Amino acid sequence: MAEKVTPYKDSELGKKEQVTQMFDTISKNYDGLNRVISFGIDIKWRKRVVAIISQNKPNSILDIATGTGDLAINLAQTGAKKVVGLDISQGMLDIGKQKIKEKNLGNKVEMILGDSENLPFEENSFDAITVAFGVRNFETLEKGLKEIYRVLKPKGTFVVLETSVPTKFPYKQGHKFYTKYIMSSIGRIFSKDASAYAYLSESASIFPHGEDFNNILRKMGFIGVENRPQTFGVASIYVATK
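Draft legend 1. Expanded view of the nonpolar core. Counting 28 residues, the largest nonpolar core has L62, F158 and F213 as its most contacted members. Counting only elements with at least two residues in this core, the list comes to β1 (60–64), β2 (82–87), β4 (126–132), α5 (141–151), β5 (152–163), α8 (211–219) and β7 (235–241). The leading source of residues in this core is α5, at 4 residues. Look past the residues within four positions of L62 in its chain and what remains in contact with it is V84, L86, L119, F121, F126, A128, I129, T130 and V151. Counting 26 residues, the second-largest nonpolar core is a separate cluster that includes L71, A76, V159 and A235.

Draft legend 2. View of α8. Considered for burial, the residues of α8 that qualify are F213, N214, I216 and L217. Buried residues of α8, seen end-on, are gathered within an arc of 160 degrees and therefore sit on one face of the element. Tucked inside the fold, the buried residues of α8 contact α5, β5, β6 (223–230) and β7. Looking one or two residues beyond α8, the residue adopting positive phi is G221, at roughly 110 degrees.

Draft legend 3. Layout of the pairing of strand β3 (residues 109–113). Direction of pairing for β2 relative to β3: parallel, over a ladder of 5 bridges. When the bridges of β3 are listed, G85 appears paired with M111. This β-α-β element, β2 to helix α4 (residues 90–102) to β3, shows right-handed connectivity.

The rules behind each value
Residues numbered from 1 in each chain as written. Predicted model: local features only at pLDDT ≥ 70, side-chain atom pairs only at ≥ 80, totals over all residues. Heavy atoms only, no water. Core = buried A, V, L, I, M, F, W, Y, C linked by side-chain atoms within 4.5 Å. Buried < 20%, exposed > 50% of the residue type's maximum accessible area, 1.4 Å probe, protein only. Helix = DSSP H or I, 4+ residues; strand = E, 2+ residues; numbered from the N terminus. Contact = heavy atoms within 4.5 Å. Arc of directions from axis to C-beta. Pairing = 2+ DSSP bridges. Right-handed = clockwise from strand over helix to strand, strands pointing away.

None of the figures reported here should be taken as evidence of function without further support.
See the structure below:
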């Protein structure tokens, strides 16, 4: 089971409520800071997720922890008839809805408020499900993954894009320094919530990655599980099938 880290150490709220509060607070700065912190490489990673999903030509896609909708919007390129973006933060969804309106994608991409650990869908509802930089924010990782398995159709594709920790020198040492000092400093300077980016850095450092996460997916019932390290191992794309 993944170690639990929360955004606000002194808060009496549960992790789910703290994460909701955090993303509501940083929503207006989130996209811009993400581009700066990742040097824009996250855009390339999302394109790779879209390419993987496109291979099976899904009609329906669910993007969990969709945030401001970057991946959900990109998934419209797969030719799917419907893409649903779900998030627990109304602040993030409001920005995503504006993006969708500007791109005239309202007939294809829907943004809804919801809990990843209690999905408001029937069993076997979606041909494909994605989560980008969201699984480490689940209050209970296994519960969220079970829900994903439940609403994914048999033979459906599940793809996770998540930060990971490089294992080889000097990338491991450089990544540790960057996330501990540089990333948190950028977040502190440009965001009104200094705790948020400290949490995002800490949660990434302790989240199970590589074969450890592969094994969790297998435990939940997924098959054909593989991980594909990205950019010297600072992120990974996990692909699995129901």
